[in-house]
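Residue strings, one per chain:
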Amino acid sequence: MSGSFDMNRNRAVDWALVVYVVLAYVFVFAPIAASFVFSFNSDRFPSIPLGEFSLDWYRAVATDPLVWEGARNTLFVGVIVGICSTALGFGAAYTDYRYKFAGKQVYLALALLPPTIPVIILGLAMLAYLSRINLSGNALSVIISHVVVCAPFAMAIIRLRLSQMDPALEPAAWNLGASEWMAMRHVIVPFCAPAIFGALFITMAVSFDEFAVAWFVSGLNETLPVKVLGFLQGQVSPRINAIGTFVFILSMTLVILAQLLLSGRGAKPADQE
Amino acid sequence: MSRDTLVSFEGVVKTFGGFVAVKKLDFEIKKGEFLAIMGSSGCGKTTTLRMLAGLEAPTEGVIRLSGKPINDLPTWSRDTPMVWQSLALFPFLNVRENVEFALKMRGVGKAERRRRAEQWLDRMQITEFAERNISQLSGGQRQRVALARSLVVEPEILLLDEPLSALDAALKVRMQSVLKNLQRETGITFVYVTHSQSEAFSMADRVVIMSRGVIEQIGTPQEIYRTPRTRFVADFLGSSNLFSGKVRSGTVGFELDAAVGTLRLASPATVGETATLTVLDTKTHLSTTAPAGSVNAVPVKVIGEEFVGATATVYLETAQGQEIRVQKSHDELTGLPLGIGQPLYVWWNPEDGHLVGEG
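Each value, and the rule that gives it
Per chain, residues are indexed from 1 in the order of the written sequence. Labels are handed out in written order, letters beginning with A for the chains and numbers beginning with 1 for the ligands. Selection of residues for local features in this predicted model requires a pLDDT of at least 70, selection of side-chain atom pairs for listing and counting requires 80 or more, and totals for whole chains, interfaces and linings are taken over all residues. Water and hydrogen atoms were dropped before computing side-chain values, which therefore reflect all heavy atoms in the structure. Secondary structure follows DSSP: runs of H or I at least 4 residues long count as helices, runs of E at least 2 residues long count as strands, and numbering of each begins at the N terminus. Exposure is judged per residue with a 1.4 Å probe applied to protein chains only, and the accessible area is read against the type maximum: over 50% gives exposed, under 20% gives buried, and values in between give partly exposed. Residue contacts are counted whenever heavy atoms from the two residues lie within 4.5 Å of one another. What sets the accessible areas is the Shrake-Rupley method with a 1.4 Å probe; for residues, cover comes only from the shown protein chains. Counting rule for charge: Lys and Arg are taken as positive, Asp and Glu as negative, and neither His nor the chain ends is counted. By convention, the point assigned to a charge is CZ for Arg, NZ for Lys, CD for Glu and CG for Asp. The pairing test for Phe, Tyr and Trp rings, Trp by its six-membered ring, is centres within 6.5 Å, and the orientation test on the planes gives stacked under 30 degrees, edge-to-face over 60, and tilted for anything in between. For cavity detection a 1 Å grid was placed over the protein atoms alone, and a set of points counts as a cavity when a 1.4 Å probe fits there but cannot get out; an open set counts as a pocket when protein lies on both sides within 12 Å along at least five of seven lines, with lining residues being those that have an atom within 4 Å of a point. Grid points are joined across faces, edges and corners, and a volume is the space filled by probe spheres set on the points. Three residue categories are used. Nonpolar comprises Ala, Val, Leu, Ile, Met, Phe, Trp, Tyr, Cys and Pro, charged comprises Asp, Glu, Lys and Arg, and polar comprises the others, including Gly. Each polar contact in these results corresponds to two N or O atoms within 3.5 Å; when the atoms are within protein, one needs to be able to donate a hydrogen and the other to accept it, and residues that are neighboring in sequence are counted only if both atoms are side-chain atoms. The salt bridge definition used is simple: a Lys or Arg side-chain nitrogen within 4 Å of an Asp or Glu carboxyl oxygen.

Asks: Kindly report on the overall build of chain B, identifying the contributing residues and their values.
Replies: Within chain B, the regular secondary structure consists of nine helices and 20 strands. When its C-alpha atoms are laid out on the principal axes, chain B stretches across 75 × 45 × 35 Å. Classification of the 359 residues of chain B by burial places 51% in the buried group. Long-range contacts, defined here as pairs at least 24 residues apart, represent 64% of the contacts in chain B between residues at least 6 apart. Within the structure as shown, chain B displays about 15800 Å² of accessible surface, and the carbon and sulfur contribution to it stands at 49%. Across chain B, 40 positive and 40 negative side-chain charges occur, with their mean positions spaced 5 Å apart.

Here's what the structure looks like:
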């Protein structure tokens, strides 16, 4: 809100809206903030007043080989899922942009369908299917399942970017001597670059956070969220808060990076006047 | 086909599903000429250009470039660069990289690419913007980048698809002279698609007028302006008064039995045929009394007046309700009573009338 007076606005309404927005954010972020605060608290149980400041729980987490294994699995899966789903999503989005064909609506509906399926159902179905073809219980099964969940996000992001492109840009490249592959490399991909990196980070973040499907199909190669559940079932430990803070910061970093890319100067359609 | 023909369209037809965009094109583009293709939207002019560029495939017929059929050649192997209505500059490349693009696609080395791009940046007077992003340029500067980007490969032919339509009036006139000079200096054949009569007539050596997928007339701007071949062309140009009627044999020559009265014709015509007489609004005159002698005169009432620069257009109406326009300089109109409803006579010499078919 700017400081200057605007006679067309009611100050009381303005203030009410500010209070409303602040309250909404407090409600959403309070649990995460609490987890963050208690991760530095020396007490065994989360209670007020707080005990002393302590990094004990981080130390405990950092020395736990099970946590490291989970983190390694999460990162490994996340990076590969990010790359595969972005590539798939790009292909799907470009197909939609470039070609007209019978059944295109069905194609689009199917391509965007996976995130609308309840994750429990998807996880169960993945487990049943992957175990039948002897692919369940390893990192590859988590990767396959996560690509199914993530690719539609990548497609949606890249499709939006393509829709902002001047439809004459690609034919202009052909007309200037670029073959279809050259136009793809020198025009389509550079134009979509912000969205491609954005999709990469978002899909990685989704994979990092995804629990339900991974729980069904990961077997012994548990990702971090699955490990956390394991901890919780055994005992309630403030170590959870430390892991939670770590995962939260990692995911937020990726999401913020993606946001910067997608809303930055480079993402604007440059030819508008 | 003569030796100075660069492009020929031979029986070219283009349909999109059930829609016929181009009915049957048979015409030639000469080497080094500035050809404008003009018509209202949907007349097939842009489709014609896109077929020449290789962005649409003809449904029937052959397009030849320097005598060779190019129907099956993809656009990237044609050397028919196009300046787009949206300009379609690459927003993620700077000005220099945009200009170098076509050379890069042809595998020209870095140093050579830079040298040739430099020449065109200089020629289009955009060297100082070479490292800028496209979004930092004004409309006129973008036009120049688009021209440099297309011309850097030094093609034999340049296609332009209404490239000036986004500019304001003053800049448009300036770019017209830039284009005309460029064409004259380089000798490159320009094919310029537009819906604007002023753009086409001020730049082109020859103008093609299209309507509903067919060519209505091809000729120099003067030919088309003075002697429109069809009623459509005369109507489209909007600078003539039209009178329709049956031709008959009169006492001294041929006459047209029009709604406004009997009009003398200066040239022979087929008796009994329905025809349209066109008279340029600059060739019509006004008087307060019925003019004597062998001129055509029609009694009218003044219904309005319009000023554009040094000329004025007087709008008049006949007793039958037909509108007639007379264009004069302000000086020529002084002394004439021009109040609304004022009865006057419009007259012209039969030699200034021109008969066209109904087509």
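Asks: I'd like to hear about the packing of aromatic side chains, residue by residue, with values.
Replies: Residues and elements named next belong to chain A. Summed over the entire model, instances satisfying the criterion amount to 17 aromatic pairs over all chains. Considering the side-chain rings of Trp215 and Phe216, the 5.2 Å spacing of their centres and the 80° angle between planes classify their relative orientation as edge-to-face. Note on Trp215: relative accessible area 43%, which makes it partly exposed. Judged by its relative accessible area of 16%, Phe216 falls in the buried class.

Asks: For unusual backbone geometry, give the residues involved together with the corresponding values.
Replies: All names here are of chain B. For Asp79, which is not a glycine, the phi torsion comes out positive at approximately 60°. You can see Asp79 is positioned in the loop between strand 5 (68-69) and strand 6 (82-83). For Asp79, a relative accessible area of 38% puts it in the partly exposed group.

Asks: Let's hear about empty space enclosed by the protein: which residues, and what values?
Replies: If you roll a probe as big as a water molecule over the atoms, it shows you where there is empty space left. Residue and element names in this part refer to chain B. According to the stated counting rule, one finds two cavities of 30 Å³ or more in the structure shown. As a volume, the largest cavity reaches approximately 60 Å³. Lining the largest cavity are Arg264, Leu265, Ala266, Ser267, Leu277, Asn296, Trp348, Pro350, Gly353, His354 and Leu355. With three residues, strand 20 (residues 353-356) is the largest single contributor of residues to the lining of the largest cavity. Within the lining of the largest cavity, the residues separate by chemical class into six nonpolar, four polar and one charged.

Asks: Describe in detail the layout of surface pockets, supporting the description with residues and values.
Replies: Residue and element names in this part refer to chain A. A volume near 500 Å³ is recorded for the largest pocket. Going through the elements one at a time, helix 3 (65-98), helix 6 (139-163) and helix 7 (169-175) are the ones with two or more residues in the lining of the largest pocket. Tallied by class, residues from the lining of the largest pocket come to 15 nonpolar, four polar and eight charged.

Asks: Tell me about helix 2 (residues 95-105) of chain B, and please be specific about residues and values.
Replies: Residues and elements named next belong to chain B. In terms of residue burial, helix 2 counts as a mostly covered element, since nine of its eleven residues are buried. Measuring from the backbone nitrogen of Arg96 back to the side-chain oxygen at the start of helix 2 gives 3.1 Å, which picks out Asn94 as the cap. Backbone geometry just after helix 2 places Gly107 at a positive phi near 75°.

Asks: Can you explain the interface of chain A and chain B? Please cite residues and give values.
Replies: With 22 residues of chain A in contact, the opposing surface of chain B contributes 26 residues. Counting across the interface, chain A meets chain B through zero salt bridges. Counting across the chain A and chain B interface gives five residue pairs in polar contact (both at pLDDT 80 or more). Elements represented by at least two residues in the side of chain A that touches chain B include exactly helix 7 and helix 8 (180-209) of chain A. Residues that form the side of chain A that touches chain B fall into these classes: 13 nonpolar, four polar and five charged.

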